[in-house]
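Coordinate analysis (summary)
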Amino acid sequence: MAAPVKRWSCVGKRWVLAYIDGGSRHGRGAAIGFTSRRKRGQSSVAQQPLITAQKSRKGEHEWEAVVGLEIHAQISSNSKLFSGSQVHFAAPPNSLVSFFDASLPGTLPVLNRRCVEAAVMTGLALNCRINKKSLFDRKHYFYADLPAGYQITQQRLPIAVNGSLAYSVCVGKKPSQVSTKTVRIKQIQLEQDSGKSLHDEPRSQTLIDLNRAGVGLLEVVLEPDMSCGEEAASAVRELQLILQALGTSQANMAEGQLRVDANISVHHPGEPLGVRTEVKNLNSARFLAKAIDFEIERQIHELENGRKILNETRSFDYKLGCTMPMRDKEGKQDYRFMPEPNLPPLLLHDTASLPPGADPQQVINIDWIRERLPELPSETREKLIQQYGMLPEHSFALLNEVGLLEFFQNVIKETRAEPKKVTSWVLNIFLGFLKQQNLTVNESPVTPSALAELLNLLDRKAISSSAAKQVMDVKRGNPRAINKLMGLVRKATLSRADPTVIKKILERKLSS
Amino acid sequence: MRARAVKLGLRSWVGWRRGFTSKADPQRSGRVTAEVIEHLERLALVDFGSQEAVARLEKAIAFADRLRAVDTDGVEPLESVLEDRCLYLRSDNVVEGNCAEVLLQNAHRVVEEYFVAPPGNISLPKQDEQEPFSHN
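Counting of residues starts from 1 at the beginning of each chain's written sequence and follows it residue by residue. In the order they appear in the text, chains get letters beginning with A and ligands get numbers beginning with 1. Local features in a predicted model are, by the rule used here, given only for residues with pLDDT of at least 70; side-chain atom pairs are given and counted only at 80 or more, and totals for whole chains, interfaces and linings are based on all residues. Side-chain measures were taken over the full set of non-hydrogen atoms in the model, leaving aside hydrogen atoms and water.

Where an unreviewed UniProt entry is consulted, chain B appears under the name Glutamyl-tRNA(Gln) amidotransferase subunit C, mitochondrial, with the organism given as Neomonachus schauinslandi. Entered under Catalytic activity (unreviewed entry) in the UniProt record, the comment concerning chain B runs "L-glutamyl-tRNA(Gln) + L-glutamine + ATP + H2O = L-glutaminyl-tRNA(Gln) + L-glutamate + ADP + phosphate + H(+)". UniProt positions are given in the numbering used here, feature names are shortened, and annotations may be inferred rather than shown by experiment.

In the annotation of an unreviewed UniProt entry, chain A is listed under the name Glutamyl-tRNA(Gln) amidotransferase subunit B, mitochondrial and assigned to Neomonachus schauinslandi. Taken directly from UniProt, the Function (unreviewed entry) text for chain A runs: "Allows the formation of correctly charged Gln-tRNA(Gln) through the transamidation of misacylated Glu-tRNA(Gln) in the mitochondria. The reaction takes place in the presence of glutamine and ATP through an activated gamma-phospho-Glu-tRNA(Gln)." Regarding chain A, the relevant UniProt record gives this comment under Catalytic activity (unreviewed entry): "L-glutamyl-tRNA(Gln) + L-glutamine + ATP + H2O = L-glutaminyl-tRNA(Gln) + L-glutamate + ADP + phosphate + H(+)".

Moving on to the sheet that holds strand β3 (residues 114-117) of chain B. Read across the open sheet, the four strands follow the order β12(A)-β13(A)-β3(B)-β2(B); overall the sheet is antiparallel. Bordering the open sheet on either side are β12 (196-200) of chain A together with β2 (110-111) of chain B, each of which pairs with just one other strand. For two strands to be treated as a pair, DSSP must find no fewer than two bridges joining them. Put simply, DSSP marks the helices as runs of H or I at least four residues long and the strands as runs of E at least two long, and each gets a number from the N terminus on. Relative to strand β13 (residues 205-209) of chain A, β12 of chain A runs antiparallel, the two sharing five bridges. If you follow K196 of chain A over to β13 of chain A, its bridge partner there is D209 of chain A.

A word on helix α2 (residues 229-246) of chain A. At 3.6 residues per turn, the α-helix brings residues three or four places apart onto the same side. For a helix, the expected span equals 1.5 Å multiplied by the number of residues minus one. For α2 of chain A, built from 18 residues, the straight-helix expectation of 26 Å at 1.5 Å per residue is met to within 8% by its first-to-last C-alpha distance of 26 Å. Looking one or two residues beyond α2 of chain A, the residue adopting positive phi is G247 of chain A, at roughly 80°.

Confidence in the prediction of chain A, expressed as mean pLDDT, is 84, and 82% of residues score 70 or more. Within a predicted model, pLDDT stands for the predictor's per-residue confidence, ranging from 0 to 100. Contact criterion: two residues are considered in contact whenever any of their non-hydrogen atoms come within 4.5 Å of each other. Note that residues 22-59 of chain A has pLDDT below 50 and, in this model, 74 contacts with residues that lie over four places away or in other chains.

To continue, consider the nonpolar core. Residue and element names in this part refer to chain A. The term nonpolar core refers to a set of buried residues drawn from Ala, Val, Leu, Ile, Met, Phe, Trp, Tyr and Cys, joined through side-chain atoms within 4.5 Å. Between buried and exposed lies partly exposed: a residue is buried under 20% and exposed over 50% of the maximum accessible area for its type, with that area taken using a 1.4 Å probe on protein chains only. In terms of nonpolar packing, the biggest core is built from 77 residues, with L69, V116, L190 and I292 touching the most fellow members. Leaving out residues up to four positions away in the same chain, I292 has contacts with V67, L69, C228, G229, A232, A262, I264 and L282. With 33 residues, the next largest nonpolar core counts V426, L431, L451 and L458 among its residues.

Oppositely charged side chains can form a pair if their charged atoms are brought close together. Residues and elements named next belong to chain A. Any carboxyl oxygen of Asp or Glu within 4 Å of a side-chain nitrogen of Lys or Arg constitutes a salt bridge here. Per the counting criterion, the structure on display carries 23 salt bridges over all chains. Residue D137 pairs with R156 through a salt bridge whose shortest N-O separation is 2.5 Å. Here the residue D137 occupies a position in strand β8 (residues 137-140), and R156 occupies one in the loop between β9 (150-153) and β10 (160-170), the gap between them amounting to 19 residues. On the basis of relative accessible area, D137 is assigned to the buried category, the value being 1%.

Written out as structure tokens, the structure reads:
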């Protein structure tokens, strides 16, 4: 047990200096007298009996952190935003590049209909107002992976504005203590992705692959309504699930389909906002919260020691676990925004304003898209809670793993067992088993039918709960469990069944 | 181009003037300062190599300034001469690409099938060290 360490810690929405068990943020201190604070109409945060505060320390300050996010999601489409070259993750370098993507003179952008639909769907799912007229602009800067010297984006009038995203955070030690928060969405805009730079330091050169140049991106700008890394990570996670449910982006951070930049500042409660820094390269779900919290603590530390925060761009170094100033970002950038002269305004319609006799391929109807929106994760969770009497945190867990919900629903279909039993088995034993074997749901050797059958046996009381668990053990590769199981089956059949037959049946069942 | 940029920023005649005079005030002196020239050169990599070029720029600005004589109160800015055109929507099909060889022919240096670039942006030399801009 490490000695208690004084660290800046997030309690509710405040950052305070407190003694905590060394190395861990949430120690086992007694409940303290921090009252919950209501902030901007959000649901109140329950008391946090997590850390012991040293109240008597002279000069102890309270800080509030403000975190805003800019999230770039690669649109799931066959071809790029303004050209007909393919969108694909791994391909030989520069093989998915058209003349336009390479910015050869004389080429022009042609807007991809699917990308517009994806933007409208995402805007509707996030409660935004869809702008019936939106505009494209050029954002100029020099970098080798941006062959045109500018990026086509939507700075003046984006396609969707003023939305909201609801997400959940844990407010206590128990998983049942969740609270719903909302972050406002400033805007969603369509823009081009840049190519990829591979830095070759030893040879002092950079290798450029333009396969990614021109791929459609949705930039989702979240207002600075979040106050710590955990909130930001939860919001990003929920956005990821929404994008995946809509099919507008696969939002896989590992493959670079979802990238997050954070804008972070700190200030004393009641005082104006502090100088903010931008932290880029937050491309891992695991490190997102860590990086943001590190930057908050760094800023507090600097200010507490009388230094100033520079309005700069930093990147997160995963190996060192800290943020560092980025090179090549000297001073404030002047992007010289100008309208994209080759693209007229993008006009969208609703049922009331559809031009008569228009080519359906050339017209986008917002109402038509709204009617066909798939079910969002929040609706799915609500249905699970209503239909199966599930606890909210279980509904979250079921949606949190790819393929788990479908697995669960397939088991439910084939089993007589009570939904609560199924939930418990799927979330605890089945998921635990997968995690232990480091498998995804789709790689599971246990099929929904197999689990359903097992649960049926359990339900019929043909086997005991411990026996059922042992079946899972056998799947884990524990042969002794088979013999135990044999013993139980023999008991159940009152020793009338032939042992060799039992073994054969068990082996057949277990290997399916 | 200048005319369009002027209309873009224009919310009100006064607001535009205030915004513009922070960089240079042609109304007052008609001169564009060396500081502004250096800033423009860095941003756009345009080479205002001579006093003649700067004088030409000042004349162009003065020419565009004549637009201010027009009363544009309550008039929506013109963003694009294409504003009455329909923005064509392309179907999401793969119809191009697969021409790495052709594209790489344009490159000065190539490694396997990658374009080669310097390790980072090369800063423009400071004003006193300035020479005609050239690729390395």
